[in-house]
Each structure stands twice: as C-alpha cells, then as structure tokens.
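# Structural overview for review
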Amino acid sequence: MRSISLRLPSTVVFGKDVLTQVGSLARERGTRALVVTEGVLHEGGHIERVAEILRRSGLDVMVYDELMPSSASSRVDEIASLARASKTQVVLGLGGMRVLSVARCVANCAASALTVRDLLEGKTARDSVDYIEVPSSFRNHLLMRDEALLRDSGSERARMVRTCPGTVKAVVLETEFSQTLSAKYALAAVMDTLLAAIEGFFSTRSSLYSDTLLERAIQELHGSALTAVKNPLDSRFRERAAEAGLMTALALAVTGQGAGGALAYGINARFSLPKSWVASIFLPHVVETLSTQNVEKAARVAAALGEPLEGISPAGDAPRAARGIRKLVSHLDLPARLRDLDVTLDELSHCAEQVADFDMLAHVPGGAGVQELQRLVSAAY
C-alpha cells in the first residue's frame, strides 16, 4: 500500500451561498484586509459583494483589482509592498488560477524579505500573511498544494514556485460563481479539469485515496459535459463540475498533473491563449499515451466515461478510454487542433522545452522529457 502525506487548509467551505462565511473567517485573523483580484469580476458584482461582506464583519478593506489572467510575476512585489505599507493582516485572493497564484505569492512576500525573483529562483518563504482563497471558477488544480503558477516577466514562460507550507488558511468555494461563466467557457473548464483528473489518476504517486476521488470526478465531469452539450442553459452541469473540481483538487494534493497540464500552462503563459482550450486539445492525445502505460487504469477510465466494456481483459478495454474522450470532444464547439490557435509548431516545441523541468513531470508513467513533450505537441498539432 502506497503511503500518502496530505496537508489541507484548516477550513474548506463549499456550496451555494457560502460566500457570506468569508467575513467571519477573515475577522478571526485580523481587522485589515487586502483583496487581490481581477477587474473583470466587477462585471458580476463579485468584488463589491466580497468587500461588503468583509466590511460588515468589521474589517478595513483595500482592493487591488488591476490583475488580469495574463498578469506577470512583476506585479507580486508591487502588491506585497502595498500590503506591508497598509499593515495588512489578511490577504484574500479572488479570481482564477493565475490571480490566486499571484495572491499566494503576495501573502508570502509581504511577510518576509523575499521578492518574487527569490521565489522564481527556488527560495521558499518561511512565513506568510494569513491568506484566504476565493476561486471565481470551479477549477483550481493547485487549490490544495503549496504551489503557485507565475508567468515570469523576464522570460514570458510559466514557472511553478513553492509557497510557504500552510499559506492557505481557508478556502471558500461559492458554487454560484460558476453560474456567471459563459456556457462555452464553463464547458472548456470542465475539459481542463477532466485532463487534470485523468493525469492525476495515472500519476505514479496515485493512491487508494486519490483513485477513489478521481474515478468519481471523471465520471461526474463526463456527465457534466454531456449535460452541457444537450442543454447549455441547464445549471446542473455547472453544479456537477463544481463538485468534481473539488474532488479533483483534493486528489491532486497527493498526486499532481502531468504532461498535458504542464504544456497547457506553458502555452498559456507564452501566447496568452486560453489554458482550458489548450488542455481540451491535448486531452485525447494524453489519454491515448497514458493508456499504453497502464491498461488497468485505462480500462477504469473507460468505465468512468460510460464506455461499454467487453470485460475480457483490461488490455482489450484500455483503448476505449481514448475512444470515449474523442467521442466527447467531437460534440464540443472548441478548437480541435493546436494549429487552430494560430501558433507554429516550432513555437510550441520551444514551449515544450521550457516546461520540461516542471516537478509534476517526474511522476508521469513512462517519463515525460523534452522529446516526449514535443511528440505530444506534434500529435496535437
């Protein structure tokens, strides 16, 4: 039996209308809060709502809303300086994965003499300002990990940095946020999460704990996507995706993503292309590759995708996993090939070189060096 080591935030709140709890969670940790967020969330009124909840709970609130999904690492030092000057006691990250990563690094740098360049060079903060995370989407694959994803301002490449253990003190997952996402964006996010769940399931670090969560997550994500294809206005697909996103994040705390995830991060950082689109393109090719490495797990993925199995042997059923993914992708109004994203194969191959040092690749069955990453890029192109 494989041993596991699991560290989670002290509080995880999930569900509909749970956002109101962010006030009491923050008030337990101080009276001066800095909300790090992205301006686009003004459109749904999310920033104003969070700020008002905090104020009603007795906190002085400062909002930094100048981040964007493409914001680079250089913003970290600027915001950390603001946090120190205002004597911030609680940093609250509100937004997508990139914004939340910046907010984590802000909380680390604000409590130490470290700069973002130190983090990018491999140093880890020993302390952090108390940090609360409020994702605006149902997918954040780093939710339960002591990591942050940054776009290096100097090299324009994706970098994964280590954050101080225990940085995230609480997570508030308000499922109603997903209702404001466009149907196309939400469906792409489902596919991105499905890629993360499948890669985590095949990871050499997987365990009974992670496998149990991820098999259920794969099943729910597949069902969510089919519901969305039939009726994009059916809110149940978002609800199922939110539940599956949490299960995936809990499992990825002990496993991790793989080659498709690393490439999606790298291509997104270099070209500012939607990460979820890139992930959905890689998904069938990743499943095809992983199925040859572990036929037993491939057969279980096929079953989770609702594919009819012969049941004679796992090797006979393994190819049905990729078949199930391709069948699902064929129904989606999303780019099908990397060439559809207006980038050249040479540029994408360079991205493969840039992400080859990601730690997550060490646990891909069969290995994932530069050559394997470039082959995956070529297959998806």
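Residues numbered from 1 in each chain as written. Predicted model: local features only at pLDDT ≥ 70, side-chain atom pairs only at ≥ 80, totals over all residues. Heavy atoms only, no water.

## What to know about the overall build of the protein chain
Here is the rule: Strands are runs of DSSP state E lasting at least 2 residues, helices are runs of H or I lasting at least 4, and numbering of each runs from the N terminus. Burial here depends on accessible area, computed with a 1.4 Å probe over protein chains only, as a share of the maximum for the residue type. Under 20% is buried, over 50% is exposed, and the range in between is partly exposed. Note on contacts: a residue pair qualifies if any of its non-hydrogen atoms lie within 4.5 Å across the two residues. Per-residue accessibility takes into account occlusion by the displayed protein chains alone, with areas from the Shrake-Rupley method and a 1.4 Å probe.
Broken down by element type, the protein chain carries 15 helices and eight strands. Seen through its C-alpha atoms, the protein chain measures out along the principal axes to roughly 65 × 45 × 40 Å. Scored against the burial criterion, the 381 residues of the protein chain give a buried share of 58%. For the protein chain, restricting intrachain contacts to residue pairs at least 6 apart in sequence, the fraction spanning at least 24 positions comes to 78%. Surface exposure of the protein chain reaches about 15,200 Å², of which carbon and sulfur atoms provide 48%.

## Remarks on the UniProt feature "domain: Fe-containing alcohol dehydrogenase-like C-terminal" (unreviewed entry) in the protein chain
Basically, it comes down to this: UniProt positions are given in the numbering used here, feature names are shortened, and annotations may be inferred rather than shown by experiment.
Mapped onto the present numbering, the UniProt feature "domain: Fe-containing alcohol dehydrogenase-like C-terminal" (unreviewed entry) falls at residues 188–381. With 69% helix and 0% strand, residues 188–381 has end C-alpha atoms that lie 18 Å from one another.

## Some points on unusual backbone geometry
Here the phi dihedral of Asp-17 falls at roughly 60 degrees; this positive angle occurs in a residue that is not glycine. With respect to the helices and strands, Asp-17 occurs in the loop between strand E1 (11–15) and helix H1 (21–27). Among the residues examined, Asp-17 registers a relative accessible area of 48% and is labelled partly exposed. Although it is not a glycine, Asp-342 sits at a positive phi angle of roughly 70 degrees.

## Points about the nonpolar core
Filter applied, for reference: What we call a nonpolar core is a set of buried Ala, Val, Leu, Ile, Met, Phe, Trp, Tyr and Cys residues that are connected through their side-chain atoms within 4.5 Å. Start and end positions for the domains come from either an automated domain assignment or a database one.
Residues Leu-194, Ile-198, Ile-218, Phe-282, Leu-338 and Leu-361 are the most contacted members of the largest nonpolar core, which totals 114 residues. Broken down by element, this core gets its largest block of residues, 12 residues, from helix H6 (residues 183–202). No fewer than three residues from each of domain 1 (11–178) and domain 2 (183–380) sit in this core. Membership of the second largest hydrophobic core comes to 24 residues, among which are Val-22, Leu-25, Val-50 and Val-61.

## Notes on the pattern of salt bridges
When the charged atoms of two side chains lie near each other, side chains of opposite charge can form a pair. Quick reminder of the rule: Any Lys or Arg side-chain nitrogen located within 4 Å of an Asp or Glu carboxyl oxygen qualifies as a salt bridge.
This model, assessed by the stated rule, comprises 24 salt bridges. The residue Glu-156 makes a salt bridge to Arg-151 at a minimum N-O spacing of 3.7 Å. Of the charged contacts in the structure, one is a salt bridge between Asp-152 and Arg-159, with a shortest N-O distance of 3.0 Å. Here the salt bridges do not stand alone but share partners, grouping Arg-117, Asp-152 and Arg-159 into one network.

## Observations concerning the domain arrangement of the protein chain
Operational definition: Two parts placed together each lose some accessible area under a 1.4 Å probe, and adding up what both lose gives the buried area.
Each assigned domain of the protein chain is listed with its residue range as follows: domain 1 (11–178) and domain 2 (183–380). Between the C-alpha centres of domain 1 and domain 2 the distance comes to 27 Å. The junction of domain 1 with domain 2 conceals about 2,300 Å² of combined surface from both sides, 60% of it contributed by carbon and sulfur atoms. On the domain 1 side of the contact with domain 2, Phe-138, Arg-139 and His-141 bury the most area, a combined 32% of that side's loss. Where domain 1 meets domain 2, there are three salt bridges.

## Comments concerning the UniProt feature "domain: Alcohol dehydrogenase iron-type/glycerol dehydrogenase GldA" (unreviewed entry) in the protein chain
Mapped onto the present numbering, the UniProt feature "domain: Alcohol dehydrogenase iron-type/glycerol dehydrogenase GldA" (unreviewed entry) falls on residues 9–136. Taken end to end, residues 9–136 is 38% helix and 25% strand, and its two terminal C-alpha atoms sit 18 Å from one another.

## Comments concerning helix H13 (residues 319–329)
Looking only at H13, the buried set comprises Arg-320, Ala-321, Ala-322, Gly-324, Ile-325 and Leu-328. The inward-facing, buried residues of H13 contact H6, helix H7 (208–230), helix H10 (275–293), helix H11 (295–304) and helix H12 (314–317).

## As for helix H4 (residues 97–110)
Three- or four-residue spacings in an α-helix give side chains the same orientation, since the helix completes a turn every 3.6 residues. Put simply, the test is: Multiply 1.5 Å by the residue count of a helix minus one, and that product is the helix's expected span.
Between its first and last C-alpha, H4 extends 20 Å over 14 residues, near the 20 Å set by a 1.5 Å rise per residue. Burial runs high along H4: 14 of the 14 residues are buried.

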